[in-house]
Amino acid sequence: MVPLLTSSKMKTIPNAGGWALLPFLVFVLSFLGTGLLLDDFYAFSAPVAVVLGVIAAFLILRGSADAKVAALIRGCGDSKIITMCLIYLLAGAFATVTAAMGGVEATVQLGLHLIPLQYLALGIFVLAAFLSTATGTSVGAIVALGPIAAGLAAESGISLPLMMGALLGGAMFGDNLSMISDTTIAATQTQECEMKDKFRINLRIAGPAALLTIILLLLSGFYAEAVVGAGEESAPLALWRILPYLLVVGLAVAGVNVFNVLTIGTLFSGLSGILAGDFGWLGISQEVYKGFTGMTDIFLLSMLTGGLAAMVAEAGGIDFLLRKVKGAIHTPKTAQLGIGALVGTTNMAIANNTVSIVIAGPLAREISLQFGVDKRKVAALLDIFACFVQGLLPYGAQMLILLSFTEGSLAYFDVLPYAWYLYLLLLTSLLSISLPVKGRRKEPTGLAEQKGKVLKKAA
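Residues numbered from 1 in each chain as written. Predicted model: local features only at pLDDT ≥ 70, side-chain atom pairs only at ≥ 80, totals over all residues. Heavy atoms only, no water.

1. Overview of the overall build of the protein
Then, in step 1: Scanning the protein from terminus to terminus reveals 22 helices and 0 strands.
Then, in step 2: Across the 459 residues of the protein, 54% fall into the buried class.
Then, in step 3: Here the analysis covers contacts within the protein between residues at least 6 apart in sequence; of these, 81% occur between residues at least 24 apart.
Then, in step 4: Split by element, the accessible area of the protein, about 19,900 Å² in all, is 67% carbon and sulfur. (Helix = DSSP H or I, 4+ residues; strand = E, 2+ residues; numbered from the N terminus. Buried < 20%, exposed > 50% of the residue type's maximum accessible area, 1.4 Å probe, protein only. Contact = heavy atoms within 4.5 Å. Areas by Shrake-Rupley, 256 points an atom, 1.4 Å probe, with all protein chains shown as cover.)

So this is what it looks like as C-alpha cells:
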C-alpha cells in the first residue's frame with residue numbers, strides 16, 4: 001500500500017518527523033469523533049473524512065504541491081490498493097447477483113434445518129475459521145459468509161451483532177494461522193524462520209483464544225435457546241440455489257485466484273438465475289452494477305487511504321513511529337511488547353496488515369537479535385498484532401465489507417462488543433509475553449555474527 005522506495009529523480013516531500021502524522025490524525029479524529037459525538041458512527045462519510053486528511057496533508061506537510069500530488073497518486077494507484085478495490089467490486093457483484101437468484105434465502109433455510117438456532121453463531125465462527133485457514137484470506141471468508149450470516153440472523157432471531165462478531169473472529173483466526181496467508185509469508189520471511197515453526201508458536205497463542213471463544217458462543221447458545229426457542233417451520237429447501245456459494249468456497253479452497261473465483265461465481269449465479277426465471281439477461285447487468293455501486297464507499301475509502309498513507313510515509317511519519325517504539329525497549333519482554341506496538345501502530349496508519357508486517361519486520365528482526373527474542377515468537381507476534389488491529393479498524397477492509405452486508409442496520413460500535421475472539425487473542429498474546437520462554441532454539445550459523453554487529457551498532 002505504501003511505496004517503500006522512491007526514485008531519486010522524483011520530487012519528494014521533505015521529512016517532517018512526527019508532524020507528518022497529523023494529517024492521519026485529522027482523518028481518524030474526524031471520522032471517529034463525529035460518530036462518538038452524534039452517537040451515529042456513520043453520520044459522517046468515511047471517504048470525506050479521508051479527504052479532510054488529504055487536505056490537511058497538503059496544508060501541513062512541506063514541499064511542492066507537485067510532490068504531494070505525486071505521492072497521493074502513487075498511493076492511490078498502488079498495486080495492492082487497486083487489487084483490493086477490484087476485489088470489492090467483484091465481491092459486490094457476486095453477493096448481489098447470488099442474492100437476487102435466491103442463494104441467501106436457500107442457504108439460510110439449510111442452516112436453519114441443520115444447525116440448532118441457538119448455535120448458529122458458533123457454526124458461523126467455525127466455518128469462517130476453516131474457510132479463512134484453508135484460503136489464507138479473511139476478506140474472502142467474510143465475502144463468502146457475510147450475506148449468509150446476515151440472513152441467518154434475520155430469519156432465526158439470533159443477534160445480528162453476535163453473528164457478525166463471530167464471523168469477524170473466525171475470519172481473523174484463519175488469516176493469522178493459515179500457511180498460505182500473506183501475513184504468514186511476510187512474517188516468516190522478514191524473520192527468516194520456517195512457516196511450520198511459526199505455526200506451532202502461533203497456535204499455542206491463538207488456539208486457547210479460539211477455544212475460549214467457542215465456549216462463550218456455546219454459553220450464549222444456552223441463553224439463546226430460552227429466548228429464541230425452536231422457531232417456526234422453515235420453508236422447503238432449494239439446495240440448487242446454494243451451489244454458487246459451494247462453488248466459490250470450493251474454488252477458493254482449491255487455491256484458485258480470487259478474481260477468477262468471484263468472476264466464475266457471479267457468472268454461475270447469473271446463469272442459474274436466468275434458467276430459474278429469476279431475472280433475464282438484462283437483469284444480470286443490472287444486478288452486477290448494483291453490486292458495484294454498493295461497494296462505492298469501500299472503494300473510495302481504500303483508494304484515498306492508500307494515497308494519504310503514502311504522503312504520511314514519504315514525509316517520515318512511519319519512520320517516526322518506528323524510532324519511537326524502538327526507543328522504549330529495554331528488556332526481552334518489553335521487546336516483544338514493542339514489536340506488537342510497532343506493527344500495530346503501523347497497521348493503524350496504513351490499514352493493511354500484510355504491508356504493516358513488511359514495513360515493521362526488518363526492525364523487529366533487529367530488536368529480536370539485540371534482546372534475544374526467539375525469531376519464531378517474533379514472527380507469530382507480528383502476525384497476531386497486525387491481525388488484531390486490522391480486524392478492529394473501523395476503516396479496515398474486513399470491518400467495512402462485513403458491515404456492508406447488513407444494509408445499514410448495523411454500525412461499527414454494534415459489532416465491537418462481540419469481537420470476542422480478537423480480545424481473547426490479545427489477552428493470550430499478552431500472557432505469552434509475560435511467561436518465561438522455555439527451550440529457546442539455537443540461532444542458525446552466521447546469525448551470531450549478525451547479532452554481534454547489531455549490538456555493536458546499538459552501543
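Now, onward.
2. Digging into the nonpolar core
Then, in step 1: Phe27, Met164, Leu167, Tyr395 and Tyr421 are the most contacted members of the largest nonpolar core, which totals 103 residues.
Then, in step 2: The next biggest cluster of nonpolar side chains, apart from the first, holds 31 residues, and it includes Ile329, Ala335, Leu342 and Ile367. (Core = buried A, V, L, I, M, F, W, Y, C linked by side-chain atoms within 4.5 Å.)

3. A few points about the pattern of salt bridges
Then, in step 1: Evaluated as defined, the whole model comprises 7 salt bridges.
Then, in step 2: Close ionic contact of Arg365 with Glu192 constitutes a salt bridge, the shortest N to O distance being 3.9 Å. Taken as a pair, Arg365 in helix α17 (residues 353-371) and Glu192 in the loop between α9 (182-191) and α10 (195-228) lie far apart in primary sequence, 173 residues in all.
Then, in step 3: The exposure class assigned to Arg365 is buried, which follows from its relative accessible area of 6%.
Then, in step 4: Taking the shortest distance from any N to any O, the salt bridge between Lys290 and Glu287 comes out at 3.6 Å. One end of the pair, Lys290, and the other, Glu287, are both in helix α13 (residues 281-294), 3 residues apart, so they sit about a helical turn from each other. (Salt bridge = Lys/Arg side-chain N within 4 Å of Asp/Glu carboxyl O.)

4. Considerations on the packing of helix α15 (residues 317-327) against helix α16 (residues 332-350)
Then, in step 1: The contact between α15 and α16 brings their axes to 9 Å, and the two run at 165°. The angle between the axes of α15 and α16 places the two elements in the roughly antiparallel class. Read as a crossing pair, α15 and α16 show a hand that is right-handed. The segment α15 lies against α16, with Ile318, Leu321, Leu322 and Val325 engaging Gly338, Ala341, Leu342, Thr345, Thr346, Ala349 and Ile350.
Then, in step 2: Looking at side-chain class alone, the contact of α15 with α16 contains 8 nonpolar, 3 polar and no charged residues. (Axes fitted to C-alpha atoms, helices over the stretch in contact; angles between N-to-C directions. Parallel < 35°, antiparallel > 145°, perpendicular 65-115°, else oblique. Left-handed = near helix turned anticlockwise from the far one by under 90°. Nonpolar A, V, L, I, M, F, W, Y, C, P; charged D, E, K, R; others polar.)

5. Comments concerning the side chain of Thr96
Then, in step 1: Within the secondary structure layout, Thr96 lies in helix α4 (residues 79-100).
Then, in step 2: Excluding anything up to four places from it in sequence, Thr96 contacts Glu287, Lys290 and Gly291.

6. Some remarks on a nonpolar patch on the surface
Then, in step 1: Taken together, the side chains of Val26, Val48, Val51, Leu52, Ile55, Leu59 and Ile60 present a nonpolar region at the surface, about 560 Å² in accessible area.
Then, in step 2: With 6 residues, the top contributor of residues to the nonpolar patch is helix α2 (residues 46-60).
Then, in step 3: Assessed through its relative accessible area of 32%, Val26 is described here as partly exposed. (Patch = residues over 30% accessible without salt bridge, like charges linked within 9 Å, V, L, I, M, F, W, Y side chains within 5 Å.)

7. Points about the packing of aromatic side chains
Then, in step 1: Under the definition given, this model contains 8 aromatic pairs.
Then, in step 2: Ring geometry for Phe24 against Phe27: centres 5.9 Å apart, planes inclined by 70°, an arrangement best described as edge-to-face. With a gap of 3 residues between them, Phe24 and Phe27 both fall in helix α1 (residues 22-38), about one helical turn apart.
Then, in step 3: Taking 6.1 Å as the distance between ring centres and 55° as the angle between the ring planes, the aromatic pair formed by Phe125 and Tyr421 counts as tilted. Linking Phe125 in helix α6 (residues 120-135) with Tyr421 in helix α21 (residues 420-434), this pair joins segments that are 296 residues apart in sequence. (Phe/Tyr/Trp six-rings, centres within 6.5 Å; stacked < 30°, edge-to-face > 60°.)

8. A closer look at helix α12 (residues 258-276)
Then, in step 1: Compared with the 27 Å implied by 1.5 Å per residue over 19 residues, the 27 Å span of α12 between its first and last C-alpha is a close match.
Then, in step 2: Of the positions making up α12, those classed as buried are Val261, Leu262, Gly265, Thr266, Ser269, Gly270, Ser272, Gly273 and Ile274.
Then, in step 3: The positive-phi residue at the C-terminal boundary of α12 is Gly277, with phi of around 80°. (Expected span 1.5 Å × (residues − 1).)

9. Considerations on the environment of Leu246
Then, in step 1: Considering the arrangement of structural elements, one finds Leu246 in helix α11 (residues 243-253).
Then, in step 2: In this structure, the C-alpha to C-alpha distance between Leu246 and Gly265, residues 19 residues apart in sequence, is 9.3 Å.

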